[in-house]
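Chain residues, written in single-letter form:
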Amino acid sequence: MLTIYSDDHRLHHAQGEMVGGEFQPCFEMPARADHVLARVKAQQLGAIREPEDFGLTPIARIHSADYLDFLQKAWAGWAAQGNTADFLPGVFPARHLRAKRPDDLYGQYGFHSFDCFAPITAGTWQAVYTSAQVALTAQREVAAGARSAFALCRPPGHHASADVMGGYCYLNNVAIAAQAFLDQGAKRVAILDVDYHHGNGTQSIFYERADVFVANIHGSPSFEYPHFLGYADETGAGAGEGYNLNLPLAAGSAWDVWGAALDTACKRIAAYDADVVLVSLGVDTYQNDPISSFKLDSPDYLRMGQRIAALGKPTLFVMEGGYAVAEIGINAVNVLEGFQG
Ligand code: Q9C
Ligand code: ZN
């Protein structure tokens, strides 16, 4: 299986995030991608290539113009105000306020965020732009006939919606790649999100569409981040009614429960008869993940890959979360090896 990777991810290395009331090192750190890349090499998964540059056009198929404008200009504007530390938002248009985009940069950040977990640094735009190009380059490989490809994206993307960032995510890499398949002639694509957290951005982008079936397996929002989306009764709307599947699970779920949910999701994807399957590959379901509660063990990721392979569809794997840094490579590549059989 071909892996697409770029060192540009290093340009995004934020100073910290709030954990337990204290500013702590970010869980979403460059070493994550290093470990995955090292494991791809150690297991000789296949060739590793740099991304091509498809420009902004495929990104603008998913994200709004004002959101992309903010992301590109935010650091320069922040630095021009004399700041050197990371840029973070603090005021959001929550209920009872008015969601009108302000002229002020700090106001715009809150307008385009749902939490304080997507810091903007000097290198963030270049890193997230390249991360999207990594997904698009792997997408081309599958569109050209490969059985599978691995987009080693960092930063991740599934919490980002059309114009709102959060949860370490800025550009929704898997959504951008899904739209590229459709724009190149696919009729139906399925996204299977196996990250521990609900992919709220991906769900919202495709919620009213029938050409993208989205399935999510995740910690229930009743107890887990992102807290405000991901319940089982969210099944799509309008033309998209019936094309969104949420399988929220209890804290502490292990492979017996998780694997059964995967089987449910895969049966729905098979019934949808997608031309291609995209996997939002987060491995924060791992038992030793520092911010998650599920209990998957490393061999379970081989089983995960085997079940996805049984769909018999061209498959694009897009890296999402996973914060047990030392094991993220083993677990992510286990999925890919399980898929390859
Ligand atoms: N106590 C991904 O896995 N953590 N993002 C908030 C609040 C944010 C996870 C913690 C977790 C974001 C791509
Ligand atoms: Zn996650």
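From a predicted model like this one, the values you see are computed outputs, not experimental measurements. (Residues numbered from 1 in each chain as written. Chains lettered and ligands numbered in written order. Predicted model: local features only at pLDDT ≥ 70, side-chain atom pairs only at ≥ 80, totals over all residues. Heavy atoms only, no water.)

Q: How should I be thinking about the sheet that holds strand β8 (residues 244-249) in this particular structure?
A: Strand pairing within a sheet occurs via backbone hydrogen bonds; the two strands may be parallel or antiparallel. Within the open sheet, the eight strands sit side by side as β4-β1-β5-β10-β9-β6-β7-β8. Their pairing is parallel. The sheet is open, and its two edges are formed by β4 (48-49) and β8, each paired on a single side. By the bridge criterion, five bridges tie strand β6 (residues 189-193) to strand β9 (residues 276-281) in an arrangement that is parallel. Residue Val189 lies in a different strand from β9, and its bridge partner there is Val276. Sitting on the sheet, helix α10 (residues 325-340) is in contact with β5 (148-151), β9 and β10 (315-319), with an inclination near 175° to β10. (Pairing = 2+ DSSP bridges. Helix = DSSP H or I, 4+ residues; strand = E, 2+ residues; numbered from the N terminus. Contact = heavy atoms within 4.5 Å. Axes fitted to C-alpha atoms, helices over the stretch in contact; angles between N-to-C directions.)

Q: What am I meant to see in the site of ligand 1 here?
A: Neighbouring residues of ligand 1: 13 residues in total, closest His159, Gly167, His197, Asp284 and Tyr323. Computed on the free molecule, ligand 1 has an accessible area of 410 Å², of which 77% lies beneath the protein chains in the complex. (Near = heavy atom within 4 Å. Areas by Shrake-Rupley, 256 points an atom, 1.4 Å probe, with all protein chains shown as cover.)

Q: In this structure, what is going on with the coordination of the zinc ion (ligand 2)? I would like to understand it.
A: Octahedral six-donor coordination of a metal ideally yields angles of 90 or 180 degrees, compared with 109.5 degrees for tetrahedral four-donor coordination. The zinc ion (ligand 2) binds to the protein through Asp195 (OD), Asp195 (OD), His197 (ND1) and Asp284 (OD); the donor distances cover 2.0 to 2.8 Å. When the donor residues of the zinc ion (ligand 2) are listed from N- to C-terminus, their spacing reads D-x1-H-x86-D. Highlighted residues: Asp195 in the loop between β6 and α7 (200-206) and Asp284 in the loop between β9 and α9 (298-309), separated in sequence by 89 residues. One exposure class covers both Asp195 and Asp284, and it is buried. (Donors = N, O, S within 2.8 Å, 3.2 Å for Na, K, Ca; no water. Buried < 20%, exposed > 50% of the residue type's maximum accessible area, 1.4 Å probe, protein only.)

Q: What should I look at first to understand the pattern of salt bridges in this one?
A: If the charged atoms of two oppositely charged side chains come close together, the side chains can form a pair. One pass over the full model with this rule turns up 14 salt bridges. Put simply, Arg49 and Glu141 hold a salt bridge, and the shortest N to O gap is 3.5 Å. Residue Arg49 is found in strand β4, and its partner Glu141 is found in helix α5 (residues 124-143); the two are separated by 92 residues along the sequence. In this structure, Arg61 and Asp183 form a salt bridge, with 2.7 Å as the shortest nitrogen-oxygen distance. Linking Arg61 in the loop between α2 (57-60) and α3 (65-80) with Asp183 in helix α6 (residues 173-183), this pair joins segments that are 122 residues apart in sequence. If you follow the salt bridges from partner to partner, you end up with Asp7, Arg10 and Asp34 in one network. (Salt bridge = Lys/Arg side-chain N within 4 Å of Asp/Glu carboxyl O.)

Q: Looking at this structure, how should I read the environment of Thr315?
A: Tracing the sequence through the fold places Thr315 in strand β10. For Thr315, a relative accessible area of 1% gives the class buried. Between the C-alpha atom of Thr315 and that of Ala149, which follows or precedes it by 166 residues, the distance is 6.9 Å. Apart from the residues within four sequence positions on either side, Thr315 is in contact with Val142, Arg147, Ser148, Ala149, Val277, Val279, Ile308 and Phe339. In terms of polar contacts, Thr315 uses its side chain to reach the backbone carbonyl oxygen of Lys313, at 2.7 Å. (Polar contact = N/O pair within 3.5 Å; in protein donor to acceptor, adjacent residues only side chain to side chain.)

Q: What am I meant to see in α6 here?
A: Since the α-helix packs 3.6 residues into each turn, any two residues three or four apart lie on the same face. Within α6, 10 of the 11 residues are buried, which leaves it mostly tucked inside the rest of the structure. Of the positions making up α6, those classed as buried are Asn173, Val174, Ala175, Ile176, Ala177, Ala178, Gln179, Ala180, Phe181 and Leu182.

Q: What is the right way to look at the packing of aromatic side chains in this model?
A: To describe a pair of aromatic rings, one takes the distance between the centres and the angle between the planes. Here the structure, examined in full by the defined rule, presents 12 aromatic pairs. Residues Trp78 and Phe87 carry aromatic rings whose centres are separated by 4.1 Å and whose planes lie at 10° to one another, so their mutual orientation is stacked. Consider the rings of Phe117 and Tyr225, whose centres lie 6.2 Å apart with planes at 90°: the pair is edge-to-face. Taken together, the residues span a long stretch of sequence, with Phe117 in the loop between α4 (105-111) and α5 and Tyr225 in the loop between β7 (212-219) and β8 at a distance of 108 residues. The class for Tyr225 is buried, based on a relative accessible area of 15%. An aromatic cluster is built from Phe70, Trp78, Phe87 and Tyr109, whose rings are joined through pairwise contacts. (Phe/Tyr/Trp six-rings, centres within 6.5 Å; stacked < 30°, edge-to-face > 60°.)

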